[in-house]
Amino acid sequence: MSTEAAAARVSPDRRKRRVRMLRTVALVVGVVAPSVVLRELVEFRFGSGPLADLSAVAVPMAATAWLAPHASYRRRDALLWLVGPGIYVFAVIAWRVALAPYRDWRPRPEEKPRMRWSRDPEHAGTWFLGQPKSDTGHTGSS
């Protein structure tokens, strides 16, 4: 069987999943690799210790805090990098952000007014996060 025939049989869903996986891996590597380099630089200059350890999580914490609201997480979830499960939380956030602006998870209650079902056949069964209709936010206008 030729490789062209095998590639032609790949369903569009599998192709989308591969693209999403590549985006997720690129996000995770793009955040973790600079943190390792930063840790090595700090360790070279100041020696191993708490400063080097904190420098290793500084970049991932900033990236997690920045991307968390786009994936229905809280910014404070970035603090999980200090106790261990930060890489898991960031991987979930990266997986969710890779599909943006479409969402395949249930929105949080404060996001529901801005959400609507996607009518695009390519993204059927997902939520679409629209922009706020006014600058007033949660306050009503009289």
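Residues numbered from 1 in each chain as written. Predicted model: local features only at pLDDT ≥ 70, side-chain atom pairs only at ≥ 80, totals over all residues. Heavy atoms only, no water.

**Looking at a nonpolar patch on the surface**
Step number 1: Residues L54, L79, L82 and V83 make up a contiguous nonpolar surface patch of about 410 Å² in total accessible area.
Step number 2: With respect to the secondary-structure elements, L82 resides in the loop between α3 (50-67) and α4 (86-97). (Patch = residues over 30% accessible without salt bridge, like charges linked within 9 Å, V, L, I, M, F, W, Y side chains within 5 Å. Areas by Shrake-Rupley, 256 points an atom, 1.4 Å probe, with all protein chains shown as cover. Salt bridge = Lys/Arg side-chain N within 4 Å of Asp/Glu carboxyl O. Helix = DSSP H or I, 4+ residues; strand = E, 2+ residues; numbered from the N terminus.)

**Quick notes on the nonpolar core**
Step number 1: One finds M61, L67, W81, F90, I93 and V97 to be the most contacted residues of the largest nonpolar core, which totals 16 residues.
Step number 2: Where this core is concerned, the elements lending two or more residues are α2 (12-46), α3 and α4. (Core = buried A, V, L, I, M, F, W, Y, C linked by side-chain atoms within 4.5 Å. Buried < 20%, exposed > 50% of the residue type's maximum accessible area, 1.4 Å probe, protein only.)

**Digging into the packing of aromatic side chains**
Step number 1: What the rule picks out here adds up to 0 aromatic pairs.
Step number 2: Directly above the aromatic system of F46 lies the positively charged group of R45, at a separation of 5.3 Å from the ring centroid. (Phe/Tyr/Trp six-rings, centres within 6.5 Å; stacked < 30°, edge-to-face > 60°. Lys NZ or Arg CZ within 6 Å of the ring centre and 35° of its normal.)

**What to know about the environment of V59**
Step number 1: Within the fold, V59 resides in helix α3.
Step number 2: According to the relative accessible area criterion, V59 is partly exposed, its value standing at 30%.
Step number 3: Separated by 27 residues in sequence, V59 and V32 have C-alpha atoms that sit 7.8 Å apart.
Step number 4: Ignoring any residue separated from it by four or fewer positions in sequence, one finds V59 in contact with V31, S35 and L38. (Contact = heavy atoms within 4.5 Å.)

**Some words on the pattern of salt bridges**
Step number 1: Scanning all chains against the criterion turns up 3 salt bridges.
Step number 2: One salt bridge in this structure joins E43 and R39, with 2.4 Å as the shortest N-O distance. Of this pair, E43 and R39 both sit in helix α2, 4 residues apart, roughly one helical turn.
Step number 3: Given a relative accessible area of 26%, E43 falls into the partly exposed group.
Step number 4: Taking the relative accessible area as the measure of exposure, R39 reaches 21% and is therefore partly exposed.
Step number 5: Among the charged side chains, a network of salt bridges with common partners joins R39, E43 and D53.

**Observations concerning unusual backbone geometry**
Step number 1: Even without being a glycine, S72 presents a positive backbone phi close to 60 degrees.
Step number 2: Looking at the element boundaries, S72 is found in the loop between α3 and α4.
Step number 3: Judged by relative accessible area, S72 falls into the buried class, the value being 10%.

**Brief notes about the environment of P60**
Step number 1: With respect to the secondary-structure elements, P60 resides in helix α3.
Step number 2: Judged by relative accessible area, which is 0%, P60 ranks as buried.
Step number 3: Taking the C-alpha atoms as reference, P60 lies 9.5 Å from G30; in sequence the two are 30 residues apart.
Step number 4: Excluding residues within four positions of it along the chain, P60 makes contact with V31, S35 and W81.

**Regarding the environment of W66**
Step number 1: Assignment of secondary structure puts W66 in helix α3.
Step number 2: As for W66 and A78, which are separated by 12 residues in sequence, their C-alpha atoms are 9.0 Å apart.

**Some words on a positive patch on the surface**
Step number 1: The grouping of R14, R15, R17 and R18 at the surface amounts to a positive patch.
Step number 2: If you trace the backbone, R17 turns up in helix α2.
Step number 3: On the accessibility criterion, R17 (52% relative accessible area) is exposed. (Lys, Arg positive; Asp, Glu negative; His and termini not counted. Charge placed at Lys NZ, Arg CZ, Asp CG, Glu CD.)

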